[in-house]
Amino acid sequence: MEQGSNNNGYLNPAFAGSLNASTISIPGAYKTQTEGGATPTPKEVSTERKASEAQEPNVSADEEQGKQRDGWNNDIEFLMSCIALSVGLGNVWRFPFIALENGGGAFLIPYLIVLLLVGKPVYYLEMLMGQFSSRGSVKVYDFVPIMRGIGYGQVLATGIVTTYYATLMALTLRYFVESFYPTLPWSYCREEWGSSCLDSAPHQESVVNGNQSTVRTTSAEFYFTNIILREKASIDDGIGYPSWSLSLTLAVAWLIIAGIMFRGVKSSGKASYFLALFPYLVMLILLVRALTLPGASDGVLYFLKPQWHKLLEPQVWYAAVTQVFFSLAICFGNIIMYASYNRFGQNIYRDANIVTTLDTFTSLLSGIIIFGILGNLAYENNTTDISSVVNGGPGLAFISYPDAIAKFKVLPQVFSVLFFLMLFVLGIGSNVGMVSCLTTVLKDQFTQIKQWHIVVFISIVGYLLGLLYITPGGQYVLNLLDFFGATFVALVLAIFELLAIGWVYGVKRVCRDVEFMLGIKTSIYYRICWAVITPLLMFAILVYMLALYEPLKYKDYTYQSGVYVFGWCLSAFGVGQLLFWAVPVVRRQPAELGLWQRIRKAFEPLPNWGPADPNTLKRYQLYVEQANASAMFQRSGIWHKIYDNIFG
């Protein structure tokens, strides 16, 4: 599927030989209004579109908004911003240990299959919808107004993730600062930790006693739990007060985010070069170091060697889907938002393939680095069981990695500085994307407010809410909100998003829009994934998650019953945005229509749905009318409609 020479104009076959062919501007071309001479609008538009004339004020409002909307300085900034957003902690932190928990190489095959069936199709689809409409993650649902609540629910989930993601940056920043100490502070035990503590740093006389049966905890874990988090055994008596040191690092994190976002995509686009590329420089340094460690080859082989019997375990597939889902940041509104700032004819087919491929490459690269280090740890501990040398859990980046770095015998401070600087840059890149999504939604709603006012407001609110997570009970709160406010809500709304685009708006119309915008035909692969495979896979994951649901725990702590009630209320509030925003949309339909007719009308795109540029919008509306006219003579059976939606 090759990209057409879009900037030089593309003649859609639908217009070849038609009565209006000589009077219509080339659809999908990215030209100035005066380039090549402005083509007058056909007179047929005014007579054929009486229904939309009544809504002309809405079009004008959107035209004015489209003129005021910012854009990227160039196409590369969009690509770099998407890389900075999607390549983050999910790749470097989460992926290697999800692979470790699911059989090493056994996880790679389901991961790559799910990437092809879920990740790439949805990423491309969200890019298409954002660029085609130049609308943010809420207004993009003008193509099916009754389901605009999907956008608001995703904004809620993104907001929750944004607040706790920034606190991870605060933790990373503290570890980064402490990496400059002459002796890494997590590398040795304190007296108050007792005999159960095991120094993370190697000893000169260190010889592992294979007969030792006592389970000991590393000093890195004690340090993270007792000094950094000051973690409580339970939150039955409250979550406590924020840490002053983490309050400072959290403030620094938000100041950096606000500084990058101060002028919107104009400033964040410039920062994206560093945010996207710098982590790869650090990863290459760590890769060389990891592969030169004794025993590293055993760890890498464990990571790359498939275990075929694992493919029959549904848990492995569940882990693969959730990893792809959260690693690429799909169905949170972020991709739609970034693409909405593109020029209309940008080659996002290429961009989507680059980002999804690079995301996978980064996951594999970080996997090789981490499993190389794990192979070395197994070698140092005289064991061949790679999975036994490190613990999983939410503190992986701040327990397992520091523990591994402390075991380096030569200049562990250098690798610690590089590693946590890389984590910080990766996290900031993702956080900027999430804050941009929130900013865009507010800016689209309140166009008169200046960009920096919105950024400052979000930063202050984000900082104040982030203080919850840096209390002694903060990890309990994070665990709760992550599941009920982000994971569950995003998964349910993702299914509704795919159904709204694939079956309400229709795969056929999406493909028609792609041809108008980019001048390319959409392959059968994308059509089948959008319509059938991806929604079914996402639904299967939701059913699997609910079927195996057990009351959420943090470590061995079970929350009080009232906390679970709050959690499910939060989930209901997020998913309930669908109904909350659907009701006023139905009520705004023409009063002379009955209830059922109003509901049906609310599923139809708004009259001004389409490209933001007024001239391109008029060409598109005529293009749609001609396509609809040619479809009037097709069969109307249900099975034919299903077939036509996918393959038409």
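Right, let's talk about the overall build of the protein for a bit. For the protein, the helix and strand inventory stands at 24 helices and 4 strands. The burial tally for the protein puts 56% of its 648 residues in the buried class. The contacts in the protein between residues at least 6 apart in sequence include a share of 82% that link residues at least 24 apart. Of the roughly 28,100 Å² of accessible surface on the protein, a fraction of 64% belongs to carbon and sulfur atoms.

Right, let's get into the state of the cysteines. Under the counting rule described, the total for this entry stands at 1 disulfide. Two residues share a disulfide in this structure: Cys 189 and Cys 197, whose sulfurs sit 1.9 Å from each other. Here the S-S torsion is close to -85°, and the disulfide linking Cys 189 with Cys 197 is therefore left-handed. In this structure Cys 197 comes out as buried when scored by relative accessible area, which is 4%.

Relative to the helices and strands, Asn 334 resides in helix 13 (residues 334-339). The exposure class assigned to Asn 334 is buried, which follows from its relative accessible area of 2%. Not counting chain neighbours up to four residues away, the residues in contact with Asn 334 comprise Leu 85, Thr 158, Ala 329, Gly 433, Met 434 and Cys 437.

Another point: helix 18 (residues 474-518). Between its terminal C-alpha atoms helix 18 stretches only 47 Å, short of the 66 Å expected from 45 residues at 1.5 Å a residue. Taken as a whole, helix 18 carries its principal kink of about 95° at Gly 506. Judged by how many residues are buried, helix 18 sits mostly within the fold: 39 of 45 residues are covered. Just downstream of helix 18, Gly 519 is the residue with a positive phi angle, here 75°.

Moving on, we get to the pattern of salt bridges. Applying the stated criterion to the full structure yields 10 salt bridges. Among the salt bridges present, the one from Asp 75 reaches Arg 343, with a minimum N-O distance of 3.1 Å. In this pair, Asp 75 is assigned in helix 4 (residues 75-86) and Arg 343 in the loop between helix 13 and helix 14 (348-380), connecting sequence segments 268 residues apart. Between Asp 351 and Arg 350 there is a salt bridge, with the nearest N and O atoms lying 3.1 Å from each other. Judged by relative accessible area, which is 38%, Arg 350 ranks as partly exposed.

To continue, consider the side chain of Arg 174. The topology assignment puts Arg 174 in helix 7 (residues 149-178). Not counting the four nearest positions on each side in its chain, Arg 174 is found in contact with Tyr 223, Ile 227, Ile 228, Ser 243, Ser 245, Leu 246 and Thr 249.

Interaxial distance between helix 6 (residues 105-133) and helix 18 falls to 10 Å at its minimum, and their mutual angle equals 65°. By the angle between their axes, helix 6 is roughly perpendicular relative to helix 18. In this structure, helix 6 meets helix 18 at a crossing whose hand is left-handed. Residue-level contacts link Val 122, Tyr 124, Leu 125, Glu 126, Leu 128, Met 129, Gln 131 and Phe 132 of helix 6 to Glu 497, Leu 498, Ile 501, Val 510, Asp 513, Val 514, Phe 516, Met 517 and Leu 518 of helix 18. Partitioning the contact of helix 6 with helix 18 into residue classes produces 13 nonpolar, 1 polar and 3 charged.

Mean pLDDT for the protein: 83, with 85% of residues reaching 70 or above. A low-confidence stretch, residues 1-66 (pLDDT under 50), is modelled with 92 contacts involving residues beyond four sequence positions or located in other chains. Contacts of residues 205-213 to residues separated by more than four positions or lying in other chains number 3 contacts, the stretch itself having pLDDT below 50.

Once that is clear, we can look at helix 23 (residues 614-631). Over its 18 residues, helix 23 runs 26 Å from end to end, which matches the ideal 26 Å to within 8%, given 1.5 Å per residue. Within helix 23 the residues assigned to the buried category are Pro 614, Thr 616, Leu 617, Arg 619, Tyr 620, Gln 621, Leu 622, Tyr 623, Val 624, Glu 625 and Ala 627.

Below, the discussion takes up the packing of aromatic side chains. A complete count under the given rule lists 56 aromatic pairs for this structure. Every member of this aromatic cluster is reached through a ring pair, and the members are Phe 132, Tyr 141, Phe 143, Phe 344, Tyr 505, Phe 516, Trp 609, Tyr 620 and Tyr 623. Arg 190 extends its terminal NZ or CZ atom over the ring of Tyr 188, reaching a point 4.2 Å from the ring centre.

So, about the packing of helix 12 (residues 314-327) against helix 19 (residues 524-547). For the pair helix 12 and helix 19, interaxial distance at closest approach is 10 Å and the crossing angle is 120°. As far as their axial angle goes, helix 19 and helix 12 are oblique. When the axes of helix 12 and helix 19 are compared, the crossing they make is left-handed. In this structure, helix 12 uses Pro 314, Gln 315, Trp 317, Tyr 318, Val 321 and Phe 325 to contact helix 19, whose residues at the interface are Met 538, Ile 541, Tyr 544 and Met 545. Tallied by class, residues from the contact of helix 12 with helix 19 come to 9 nonpolar, 1 polar and no charged.

Moving on to a nonpolar patch on the surface. Side chains of Phe 262, Trp 452, Val 456, Ile 460 and Leu 464 sit close together on the surface and give an oily, nonpolar patch of about 460 Å² of accessible area. By the secondary structure assignment, Phe 262 is in the loop between helix 9 (244-261) and helix 10 (265-291). You can call Phe 262 partly exposed: its relative accessible area is 41%.

Here we take up the environment of Ile 524. Positionally, Ile 524 belongs in helix 19. Taking the C-alpha atoms as reference points, Ile 524 and Phe 647, separated by 123 residues in sequence, lie 7.3 Å from one another.

Let us now look at the environment of Ala 540. Within the secondary structure layout, Ala 540 lies in helix 19. In this structure Ala 540 comes out as partly exposed when scored by relative accessible area, which is 40%. On a C-alpha basis, the gap between Ala 540 and Tyr 318 in space is 9.1 Å, while along the polypeptide they are 222 residues apart.

Take unusual backbone geometry next. At Ala 329, a position not held by glycine, the phi torsion is positive, near 60°. Look at Ala 329 and you get buried, because its relative accessible area is 10%. You will see that Lys 555, though not glycine, has its phi angle at about 55°, which is positive. Here Lys 555 lies in the loop between strand 3 (553-554) and strand 4 (557-558). For Lys 555, a relative accessible area of 51% corresponds to the exposed category.

Cut-offs and rules
Residues numbered from 1 in each chain as written. Predicted model: local features only at pLDDT ≥ 70, side-chain atom pairs only at ≥ 80, totals over all residues. Heavy atoms only, no water. Helix = DSSP H or I, 4+ residues; strand = E, 2+ residues; numbered from the N terminus. Buried < 20%, exposed > 50% of the residue type's maximum accessible area, 1.4 Å probe, protein only. Contact = heavy atoms within 4.5 Å. Areas by Shrake-Rupley, 256 points an atom, 1.4 Å probe, with all protein chains shown as cover. Disulfide = S-S within 2.5 Å. Expected span 1.5 Å × (residues − 1). Bend = angle between axes of the 7 residues up to and from the residue. Salt bridge = Lys/Arg side-chain N within 4 Å of Asp/Glu carboxyl O. Axes fitted to C-alpha atoms, helices over the stretch in contact; angles between N-to-C directions. Parallel < 35°, antiparallel > 145°, perpendicular 65-115°, else oblique. Left-handed = near helix turned anticlockwise from the far one by under 90°. Nonpolar A, V, L, I, M, F, W, Y, C, P; charged D, E, K, R; others polar. pLDDT = per-residue confidence, 0-100. Phe/Tyr/Trp six-rings, centres within 6.5 Å; stacked < 30°, edge-to-face > 60°. Lys NZ or Arg CZ within 6 Å of the ring centre and 35° of its normal. Patch = residues over 30% accessible without salt bridge, like charges linked within 9 Å, V, L, I, M, F, W, Y side chains within 5 Å.

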